[in-house]
Amino acid sequence: MKIRELVESDRQVWQELFAGYLVFYKTELTNSQIDLTWERILDSTYNLYGKVAEINGALKGITHYSYQPSTWAPIDYCYLEDLYVDPENRGAGIGRALIESVKDEAVAHGSSRLYWNTDVTNTTARKLYDSFTLESGKIQYRVSLSD
């Protein structure tokens, strides 16, 4: 397995994996938002990064992350926003490898924390996440600011 940064030629498979992620979370994005996300990931000046897990030349998982300043720490946090592994390849260590790769990037960047959110009902993924650390006990509230 190889974990690497996303590149332009990954677009089609990335979009298929990202679509699976959106279906899992029962949400939809417009094509223009998907295009914008892709452009942001590839833009070296934008604070959004993407990695892919590649096995025998085939992409099997993706993750997206960014860095965020904090009022609670002198250095920023790394937020792992999305993590998705092709359902046929789950349980093979791909999710763990993607998280470890982002963790390594965050350490190299000088971040003081790596964190992510998941649904309380995502029990399969939570087994993996709990092997890194216990959940924070925080509840996330969301106020939509646009339609």
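Just above sits the structure.
Residues numbered from 1 in each chain as written. Predicted model: local features only at pLDDT ≥ 70, side-chain atom pairs only at ≥ 80, totals over all residues. Heavy atoms only, no water.

*Asks:* Whenever I open this one, the side chain of Thr-63 confuses me. Can you help?
*Replies:* Assignment of secondary structure puts Thr-63 in strand S3 (residues 58-68). A distance of 2.7 Å separates the side chain of Thr-63 from the backbone oxygen of Asp-82, its partner in a polar contact. (Helix = DSSP H or I, 4+ residues; strand = E, 2+ residues; numbered from the N terminus. Polar contact = N/O pair within 3.5 Å; in protein donor to acceptor, adjacent residues only side chain to side chain.)

*Asks:* Would you mind showing me how to read the nonpolar core here?
*Replies:* For soluble globular proteins, nonpolar side chains are generally found buried alongside one another. Of all hydrophobic cores here, the largest spans 14 residues; its most connected members are Leu-6, Trp-14, Phe-18 and Ile-62. Those elements that place two or more of their residues in this core are helix H1 (11-24), helix H2 (31-42) and S3. The greatest single-element share of this core, amounting to 5 residues, is contributed by H1. Formed by 13 residues, the second largest nonpolar core is a distinct cluster that contains Ala-53, Tyr-65, Leu-98 and Val-102. (Core = buried A, V, L, I, M, F, W, Y, C linked by side-chain atoms within 4.5 Å. Buried < 20%, exposed > 50% of the residue type's maximum accessible area, 1.4 Å probe, protein only.)

*Asks:* Can you walk me through the layout of surface pockets in this structure?
*Replies:* Where empty space is left becomes clear once a probe the size of a water molecule has been rolled over the atoms. Roughly 420 Å³ of internal volume is contained in the second largest pocket. Along the wall of the second largest pocket there are 20 residues; nearest its centre are Val-85, Arg-90, Thr-124, Ala-125 and Leu-128. At the level of secondary structure, the elements contributing two or more residues to the lining of the second largest pocket comprise H1, strand S4 (77-85), helix H3 (94-109) and helix H4 (123-132). Per-element tally for the lining of the second largest pocket: the top contributor is H4, with 5 residues. (1 Å grid on protein atoms, 1.4 Å probe; cavity = no way out; pocket = protein on both sides within 12 Å on 5 of 7 lines; lining within 4 Å. Points joined across faces, edges and corners; volume = space filled by probe spheres on them.)

*Asks:* Looking at this structure, how should I read the pattern of salt bridges?
*Replies:* Here the idea is simple: oppositely charged side chains can pair when their charged atoms come close. Evaluation of the coordinates by the stated rule reveals 5 salt bridges. Of the charged contacts, one joins Lys-51 and Glu-105 as a salt bridge, the two residues approaching to 3.2 Å between their closest N and O atoms. Of this pair, Lys-51 sits in strand S2 (residues 49-55) while Glu-105 sits in helix H3, and the two are 54 residues apart along the sequence. The exposure class of Lys-51 is buried, given its relative accessible area of 4%. Salt bridges sharing partners connect three or more residues here, namely Arg-4, Asp-10 and Glu-54. (Salt bridge = Lys/Arg side-chain N within 4 Å of Asp/Glu carboxyl O.)

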